[in-house]
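# Analysis of the macromolecular model
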Amino acid sequence: MGDPRGGGPTDPRGTDAADVLLVEDNPGDVRLVREAFEDGVASHRLHVVEDGRGALDFCARRGEHADAPRPDLVLLDQGLPGRSGEEVLAALHADPDLRSLPVVVLTGSRADADAVRSYRLAANAVVTKPVDPDEYMETIRTIEEFWLSMARLPAFDE
(Lines give C-alpha, C1' and ligand atoms only; values in the text may rest on other atoms or scores of the structure.)
Protein backbone atom coordinates (compact mmCIF):
# COMPACT_ATOMS: atom_id res chain seq x y z
CA MET A 1 0.00 0.00 0.00
CA GLY A 2 1.32 3.47 -0.85
CA ASP A 3 1.93 6.39 1.42
CA PRO A 4 -1.44 7.76 2.60
CA ARG A 5 0.09 11.23 2.68
CA GLY A 6 0.81 11.22 -1.04
CA GLY A 7 4.48 10.23 -1.09
CA GLY A 8 7.41 10.35 1.23
CA PRO A 9 10.39 8.48 2.58
CA THR A 10 10.29 4.73 3.01
CA ASP A 11 12.00 2.89 5.84
CA PRO A 12 14.31 -0.12 5.27
CA ARG A 13 11.46 -2.55 5.92
CA GLY A 14 9.51 -1.20 2.94
CA THR A 15 6.91 0.75 4.92
CA ASP A 16 6.33 4.47 4.88
CA ALA A 17 8.32 6.39 7.46
CA ALA A 18 6.79 9.39 9.20
CA ASP A 19 8.02 12.18 11.44
CA VAL A 20 6.38 12.12 14.87
CA LEU A 21 6.79 14.89 17.41
CA LEU A 22 6.54 13.83 21.05
CA VAL A 23 5.99 16.71 23.46
CA GLU A 24 6.78 15.22 26.86
CA ASP A 25 8.65 16.46 29.93
CA ASN A 26 8.80 13.13 31.79
CA PRO A 27 12.02 11.26 30.87
CA GLY A 28 10.46 7.90 31.83
CA ASP A 29 7.56 8.43 29.43
CA VAL A 30 9.96 9.55 26.69
CA ARG A 31 11.93 6.34 27.16
CA LEU A 32 8.79 4.19 26.94
CA VAL A 33 7.61 5.95 23.78
CA ARG A 34 11.06 5.54 22.20
CA GLU A 35 11.03 1.82 23.01
CA ALA A 36 7.52 1.44 21.60
CA PHE A 37 8.58 3.13 18.35
CA GLU A 38 11.74 1.00 18.14
CA ASP A 39 9.57 -2.12 18.44
CA GLY A 40 6.99 -0.78 15.98
CA VAL A 41 6.15 -1.94 12.50
CA ALA A 42 7.98 0.88 10.72
CA SER A 43 11.01 3.03 11.42
CA HIS A 44 9.21 6.28 12.05
CA ARG A 45 11.38 9.18 13.13
CA LEU A 46 10.59 10.30 16.68
CA HIS A 47 11.50 13.87 17.61
CA VAL A 48 11.19 14.99 21.23
CA VAL A 49 10.72 18.39 22.84
CA GLU A 50 10.11 18.90 26.54
CA ASP A 51 7.75 21.86 26.66
CA GLY A 52 5.03 23.78 24.89
CA ARG A 53 7.28 26.50 23.56
CA GLY A 54 9.57 23.89 22.01
CA ALA A 55 6.53 22.18 20.47
CA LEU A 56 5.33 25.37 18.81
CA ASP A 57 8.84 26.25 17.62
CA PHE A 58 9.27 22.75 16.16
CA CYS A 59 5.91 22.78 14.37
CA ALA A 60 6.46 26.31 13.04
CA ARG A 61 10.10 25.51 12.23
CA ARG A 62 11.62 28.49 13.97
CA GLY A 63 14.56 29.13 16.28
CA GLU A 64 16.65 26.03 16.98
CA HIS A 65 14.04 23.99 15.08
CA ALA A 66 14.27 25.97 11.83
CA ASP A 67 15.36 22.83 9.96
CA ALA A 68 12.84 20.52 11.61
CA PRO A 69 10.56 18.41 9.42
CA ARG A 70 6.86 19.11 9.54
CA PRO A 71 5.50 16.42 11.87
CA ASP A 72 3.03 13.94 10.43
CA LEU A 73 1.69 13.39 13.95
CA VAL A 74 2.05 15.20 17.29
CA LEU A 75 1.85 13.27 20.57
CA LEU A 76 1.17 15.99 23.13
CA ASP A 77 1.38 15.58 26.90
CA GLN A 78 -1.47 17.51 28.48
CA GLY A 79 0.44 18.40 31.66
CA LEU A 80 3.45 20.34 30.41
CA PRO A 81 5.50 22.92 32.31
CA GLY A 82 5.22 26.51 31.07
CA ARG A 83 2.74 26.43 28.19
CA SER A 84 0.27 23.64 28.91
CA GLY A 85 -0.87 21.09 26.38
CA GLU A 86 -4.14 23.01 26.09
CA GLU A 87 -2.26 26.22 25.30
CA VAL A 88 -0.27 24.39 22.63
CA LEU A 89 -3.49 23.01 21.13
CA ALA A 90 -5.03 26.48 21.08
CA ALA A 91 -1.95 27.97 19.40
CA LEU A 92 -1.80 25.18 16.79
CA HIS A 93 -5.49 25.56 16.03
CA ALA A 94 -5.18 29.35 15.72
CA ASP A 95 -2.40 29.07 13.12
CA PRO A 96 -3.77 28.37 9.61
CA ASP A 97 -0.51 26.65 8.64
CA LEU A 98 -0.56 24.32 11.65
CA ARG A 99 -4.22 23.67 12.45
CA SER A 100 -4.39 20.59 10.25
CA LEU A 101 -1.60 18.78 12.13
CA PRO A 102 -3.01 15.61 13.71
CA VAL A 103 -2.60 15.86 17.50
CA VAL A 104 -3.11 13.06 19.99
CA VAL A 105 -3.23 14.31 23.57
CA LEU A 106 -1.67 11.99 26.14
CA THR A 107 -2.90 12.57 29.66
CA GLY A 108 -2.75 11.07 33.12
CA SER A 109 -6.19 12.49 33.81
CA ARG A 110 -9.38 10.48 33.61
CA ALA A 111 -11.57 13.57 34.10
CA ASP A 112 -14.14 14.08 31.36
CA ALA A 113 -13.74 17.86 31.65
CA ASP A 114 -10.06 17.62 30.66
CA ALA A 115 -10.90 15.55 27.58
CA VAL A 116 -13.73 17.89 26.60
CA ARG A 117 -11.39 20.92 26.77
CA SER A 118 -8.86 19.16 24.54
CA TYR A 119 -11.49 18.18 21.99
CA ARG A 120 -12.88 21.73 21.97
CA LEU A 121 -9.36 22.88 21.10
CA ALA A 122 -9.37 20.50 18.10
CA ALA A 123 -7.42 17.53 19.49
CA ASN A 124 -7.84 14.56 17.17
CA ALA A 125 -7.81 12.12 20.09
CA VAL A 126 -7.34 12.10 23.85
CA VAL A 127 -5.69 9.01 25.34
CA THR A 128 -5.25 8.32 29.04
CA LYS A 129 -1.73 7.09 29.77
CA PRO A 130 -1.80 3.66 31.41
CA VAL A 131 0.18 3.41 34.65
CA ASP A 132 1.68 0.03 33.74
CA PRO A 133 4.77 0.54 31.49
CA ASP A 134 3.96 -2.43 29.25
CA GLU A 135 0.38 -1.22 28.78
CA TYR A 136 1.67 2.30 28.04
CA MET A 137 4.02 0.98 25.34
CA GLU A 138 1.18 -1.06 23.83
CA THR A 139 -1.02 2.04 23.80
CA ILE A 140 1.70 3.96 21.95
CA ARG A 141 2.09 1.11 19.43
CA THR A 142 -1.66 1.17 18.84
CA ILE A 143 -1.61 4.95 18.28
CA GLU A 144 1.33 4.53 15.91
CA GLU A 145 -0.38 1.77 13.96
CA PHE A 146 -3.66 3.62 13.63
CA TRP A 147 -2.37 7.11 12.83
CA LEU A 148 0.59 6.11 10.68
CA SER A 149 -0.70 2.98 8.96
CA MET A 150 -4.49 3.12 8.84
CA ALA A 151 -5.54 6.76 8.98
CA ARG A 152 -5.26 8.86 5.86
CA LEU A 153 -3.12 11.88 6.68
CA PRO A 154 -3.11 14.98 4.50
CA ALA A 155 -0.18 15.68 2.19
CA PHE A 156 1.45 18.88 3.33
CA ASP A 157 3.40 21.17 1.07
CA GLU A 158 6.88 21.78 2.40
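See the structure shown above.
One structure accompanies this document, and this report is about it. (Residues numbered from 1 in each chain as written. Predicted model: local features only at pLDDT ≥ 70, side-chain atom pairs only at ≥ 80, totals over all residues. Heavy atoms only, no water.)

### A short note on helix H2 (residues 52-60)
Note the cut-off: Under the scheme applied here, a residue whose accessible area is under 20% of the maximum for its type counts as buried, over 50% as exposed, and between as partly exposed, the area being computed with a 1.4 Å probe on protein chains only. Strands are runs of DSSP state E lasting at least 2 residues, helices are runs of H or I lasting at least 4, and numbering of each runs from the N terminus. Any two residues whose heavy atoms approach within 4.5 Å are treated as being in contact.
The buried fraction of H2 amounts to 7 of the 9 residues, a majority that puts the element mostly inside the structure. Taken residue by residue, H2 has Gly 52, Gly 54, Ala 55, Leu 56, Asp 57, Phe 58 and Cys 59 as its buried positions. Taken together, the buried residues of H2 touch strand S1 (19-23), strand S2 (45-49), strand S3 (73-77) and helix H3 (85-94). Count one or two residues on from H2 and you reach Arg 61, which has phi positive near 55 degrees.

### A closer look at unusual backbone geometry
Non-glycine residue Arg 61 carries a positive phi angle of around 55 degrees. Within the secondary structure, Arg 61 sits in the loop between H2 and S3. Taking the relative accessible area as the measure of exposure, Arg 61 reaches 26% and is therefore partly exposed.

### Some details on the sheet that holds strand S4 (residues 103-107)
Strand-to-strand pairing in sheets goes through backbone hydrogen bonds, with the strands running parallel or antiparallel. Let me state the cut-off plainly: Strands pair, by our definition, only if DSSP identifies at least two bridges between them. Axes here refer to lines fitted to C-alpha atoms; in helices the fit is confined to the stretch in contact. Angles between the N-to-C directions go from 0 to 180 degrees.
Across the sheet, which stays open at both edges, the 5 strands sit in the order S2-S1-S3-S4-S5 with parallel pairing between neighbours. In this open sheet, the two edge strands, each paired with only one partner strand, are S2 and strand S5 (125-128). Ignoring which end each strand starts from, the neighbouring axes of this sheet average 20 degrees apart. With 5 bridges connecting them, S1 and S2 associate as parallel partners.

### Some remarks on the side chain of Thr 107
Here is the rule we go by: Between N or O atoms, a polar contact is any pair within 3.5 Å; within protein, one atom must be a potential hydrogen donor and the other a potential acceptor, and residues adjacent in sequence are included only when both atoms are from side chains.
Mapped onto the elements of the fold, Thr 107 is located in strand S4. On the accessibility criterion, Thr 107 (4% relative accessible area) is buried. Polar side-chain contacts of Thr 107 include one of 2.5 Å to the side chain of Gln 78. Discounting chain neighbours no more than four positions away, the residues touching Thr 107 are Gln 78, Val 126, Val 127, Thr 128 and Lys 129.

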